[in-house]
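What follows is each chain in one-letter form.
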Amino acid sequence: MTFLNDLIASFRIFYSNFNAAYGRLINTVLLCLMLFVLAVVAVRTLRLNRRIRRTEVGLEMPQSPRQQAWCQALSQAIQIPTVTGDTAQMEALYQWLQTQFPTVFSSLETTRLPSGAVLLRWRGTATGGQKPVLLCAHMDVVPVEGQAWSADPFSGKIDEEFVHGRGALDCKNVLIGLLCAVEDLLQEGFQPSRDLYFAFGCDEETGGEQGAKAIAAELRRQGLAFEFILDEGSNITTEHLGNKNFPAALVGVAEKGAATYQLTVHTKGGHAAMPPAHTAVGILAEAVCRLEAAPMHKRLLPVMRQCLDFSAPALGLAGRICVANLPFTRPLLYHFTRHNDQLSSLLHTTLAVTQCSGAPTANVLPETAQATINARLLQGDSGQSVLEYIQALLADLPVTVEMVSCVEPSAITESMGPIYQTITSTVGEVFGRLPCIPTIMPAGTDTKHYGEFSSHIFRFLPFPCDPQTFSTIHGADERIRCQNFGAGVAFYEALMRKL
């Protein structure tokens, strides 16, 4: 109601200004300026809408007689519960892979690292001149404890539509998809012109310190550099930004960094029957509330400007007006996307309080209370700059802030060059008129350890998936549609033929 009253008062002042000296001239200039701005906004929005109407979008699904065999292989891999850290199960998976893909392991050079990670080399026919390519996956999966699965998470059950189980989407689909593609191509007699390397980590879910880091050391020892690197990442969504009429291939050209911070409050302990005005947990709660009430400043990176331009057909009218008139409408864009977690998280560094602890029993005043913050660092921020931001925000509270760990944001891969076109042209060849949209990965991958080996790193899952199914990653009832898994294998085969 206050806003409405202020608006009415503004109109009255504007109207009365016509009777003041030079008021008519000033009001006329203001009106013309407003009409000009509105005209520019309308023209730019109409131009965007015209481009959208001319955009033909469609998701075609390739069919293969090998799909059933591929899904059976994925099912059997899921049945080996390679939860990160279980070396016995990791060894069992490796032995099974050798049996399941005999042509791969007899034809490619295999390096098994002490950690259990695997590096394969497929020699190309060319004698020189072409850099090799590195294709990545990881063999470990996250635990299932505490999750309400409707069936055994390691059953690998196949029904009419889906392959079910932990790892179906993250990321045994990539591991088995790559090996199925290589096995089939080898049996056809195909050989790439350049060397292809395959890096399979064993502990990606806990940071890749034993797996990908060991592979990186081996690559460094061999003095290798790659034309490009492809790992798991953003996916082909059948409903981009919730729009069922706009499927899209989201190609990760960067990934946010990750840092962990610990907030600690020390106070005098004692009996809970005689509490002070603020306990350690109370002070900690104030600190947490401040962090959640003061999110970090939003920024529109060039790659996200490009992402929004390509995503415009999936947006509503307000979103299109904002995108069409950037950079002038950045504040409006930030406002309209504040409740869209998917987009909003890519416009700033996020801070999430994930763990909290206090006294061991209910009737004891805690001497120490702690909270853990998981930060995802947008390019341009660093672990140190975010630490300083948190410290400044909590400067007047008796809270100690410590940075426990940090992986800085990755470099951003060019999304307009010929190497990027290799990915997008393969998407078009396999999936038809599917828009390819560059984006930033909010989560991390093993590529954090491979940045020195290529300036072109892509994070992309070529498996079409609806948002509801994709949300089962790391959750209960993880699954992948059989047809979609087959389409991903077809993508890998088409990509390798291009290389």
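Note that the coordinates shown come from a computational prediction; the quantities given were computed from them, not determined experimentally.

Chemist: What's the story with unusual backbone geometry in this structure? I'm lost.
Modeler: Phi is mostly negative for residues that are not glycine, and the peptide bonds are mostly trans. Of the consecutive residues aspartate 170 and cysteine 171, the connecting peptide bond is found in the cis state with omega at -15°. Here cysteine 171 lies in the loop between strand 4 (162-164) and helix 6 (172-188). Positive phi, normally seen in glycine, also occurs at histidine 474, with a value near 70°. A residue is classified by how much of its surface remains accessible, and histidine 474, at 37% relative accessible area, is partly exposed. Phi at aspartate 477 takes a positive value of approximately 60°, unusual for a residue other than glycine. Within the secondary structure, aspartate 477 is located in the loop between helix 15 (467-470) and strand 16 (479-481).

Chemist: Please explain helix 13 (residues 383-393) as it appears in this structure.
Modeler: Because an α-helix completes one turn every 3.6 residues, residues spaced three or four positions apart along the sequence face the same direction. If you check which residues of helix 13 are buried, you get Gly383, Val386, Leu387 and Ile390. For helix 13, the arc enclosing every buried residue in end-on projection is 105°, short of the 170-degree limit, so these residues lie on one face. Those residues of helix 13 that are buried are in contact with strand 8 (257-266), helix 8 (280-293), strand 10 (350-357), strand 12 (368-377) and strand 13 (400-407).

Chemist: Would you take a moment to explain the state of the cysteines for this structure?
Modeler: In a disulfide, the sulfur atoms of two cysteines are covalently bonded to one another. Applying the stated criterion across every chain, the model contains zero disulfides. Left unpaired, cysteine 356 is separated from the closest cysteine sulfur, that of cysteine 289, by 11 Å. On the basis of relative accessible area, cysteine 356 is assigned to the exposed category, the value being 57%.

Chemist: I would appreciate a short explanation of the packing of aromatic side chains in the present structure.
Modeler: The relation between two aromatic rings is expressed through the spacing of the ring centres and the mutual angle of the planes. Scanning all chains against the criterion turns up ten aromatic pairs. Ring centres 6.0 Å apart and planes at 85° place the aromatic pair tyrosine 94 and phenylalanine 105 in the edge-to-face group. With tyrosine 94 in helix 4 (residues 87-100) and phenylalanine 105 in helix 5 (residues 102-107), this residue pair connects regions lying eleven residues apart in the sequence. In terms of burial, tyrosine 94 and phenylalanine 105 fall into one category: buried. Ring centres of phenylalanine 463 and phenylalanine 485 lie 5.8 Å apart, and the angle between their planes is 10°; on these two criteria the pair is classed as stacked. Of this pair, phenylalanine 463 sits in strand 15 (residues 457-465) while phenylalanine 485 sits in helix 16 (residues 482-498); the two residues are 22 residues apart in sequence, bridging distant segments of the chain. Pair check on accessibility: phenylalanine 463 and phenylalanine 485 agree, each one buried. Aromatic ring contacts, followed pair by pair, group Phe460, Phe463, Phe485, Phe491 and Tyr492 into a single cluster.

Chemist: I'm lost on the sheet that holds strand 10 in this one. Help?
Modeler: Sheet strands line up and pair through hydrogen bonds in the backbone, either parallel or antiparallel. An order of 10-12-8-13 is seen for the four strands of this open sheet, with the pairing classed as antiparallel. In this open sheet, the two edge strands, each paired with only one partner strand, are strand 10 and strand 13. With strand direction ignored, the average angle separating the axes of adjacent strands in the sheet is 20°. Here seven bridges tie strand 8 to strand 13, and the two strands are oriented antiparallel to one another. Residue pairing across strands places leucine 263 opposite valine 401, the latter belonging to strand 13.

Chemist: I tried to follow the environment of arginine 51 on my own but got confused; where do I start?
Modeler: Within the element layout of this structure, arginine 51 appears in helix 2 (residues 23-54). In the structure, arginine 51 is positioned 234 residues away from alanine 285 in sequence and 49 Å away in space, judged by C-alpha atoms.

Chemist: For this particular structure, what's the right way to read a nonpolar patch on the surface?
Modeler: Nonpolar side chains collect at one region of the surface, where Leu33, Phe36, Val37 and Val40 lie side by side and expose about 360 Å² of accessible area between them. Residue position: phenylalanine 36 is located in helix 2.

Chemist: Hey, could you run me through empty space enclosed by the protein in this one?
Modeler: Over the atoms, a rolled probe matching the size of one water molecule traces out where space is still vacant. The tally for this structure, following the rule as stated, stands at one cavity of 30 Å³ or more. Considering only enclosed or pocket space, the largest cavity measures out at about 30 Å³ in volume. Taken together, Leu169, Asn173, Asn235, Leu461, Phe463, Cys465 and Phe470 make up the full set of residues lining the largest cavity. Looking at the lining of the largest cavity element by element, the count peaks at three residues for strand 15.

Chemist: Any chance you could explain the nonpolar core here in plain terms?
Modeler: The nonpolar side chains of a soluble globular protein tend to be buried with one another. Counting residues in hydrophobic clusters, the biggest one holds 116 residues, and the most contacted among them are Phe101, Trp122, Ile176, Phe198, Phe200, Tyr450 and Met496. The leading source of residues in this core is helix 6, at ten residues. For tryptophan 122, the contacting residues outside a window of four places in its chain are Leu108, Val182, Leu185, Leu186, Phe190, Gln191, Pro192, Arg194, Asp195, Leu196, Phe198 and Met496.

Cut-offs and rules
Residues numbered from 1 in each chain as written. Predicted model: local features only at pLDDT ≥ 70, side-chain atom pairs only at ≥ 80, totals over all residues. Heavy atoms only, no water. Helix = DSSP H or I, 4+ residues; strand = E, 2+ residues; numbered from the N terminus. Buried < 20%, exposed > 50% of the residue type's maximum accessible area, 1.4 Å probe, protein only. Arc of directions from axis to C-beta. Contact = heavy atoms within 4.5 Å. Disulfide = S-S within 2.5 Å. Phe/Tyr/Trp six-rings, centres within 6.5 Å; stacked < 30°, edge-to-face > 60°. Pairing = 2+ DSSP bridges. Axes fitted to C-alpha atoms, helices over the stretch in contact; angles between N-to-C directions. Patch = residues over 30% accessible without salt bridge, like charges linked within 9 Å, V, L, I, M, F, W, Y side chains within 5 Å. Areas by Shrake-Rupley, 256 points an atom, 1.4 Å probe, with all protein chains shown as cover. Salt bridge = Lys/Arg side-chain N within 4 Å of Asp/Glu carboxyl O. 1 Å grid on protein atoms, 1.4 Å probe; cavity = no way out; pocket = protein on both sides within 12 Å on 5 of 7 lines; lining within 4 Å. Points joined across faces, edges and corners; volume = space filled by probe spheres on them. Core = buried A, V, L, I, M, F, W, Y, C linked by side-chain atoms within 4.5 Å.

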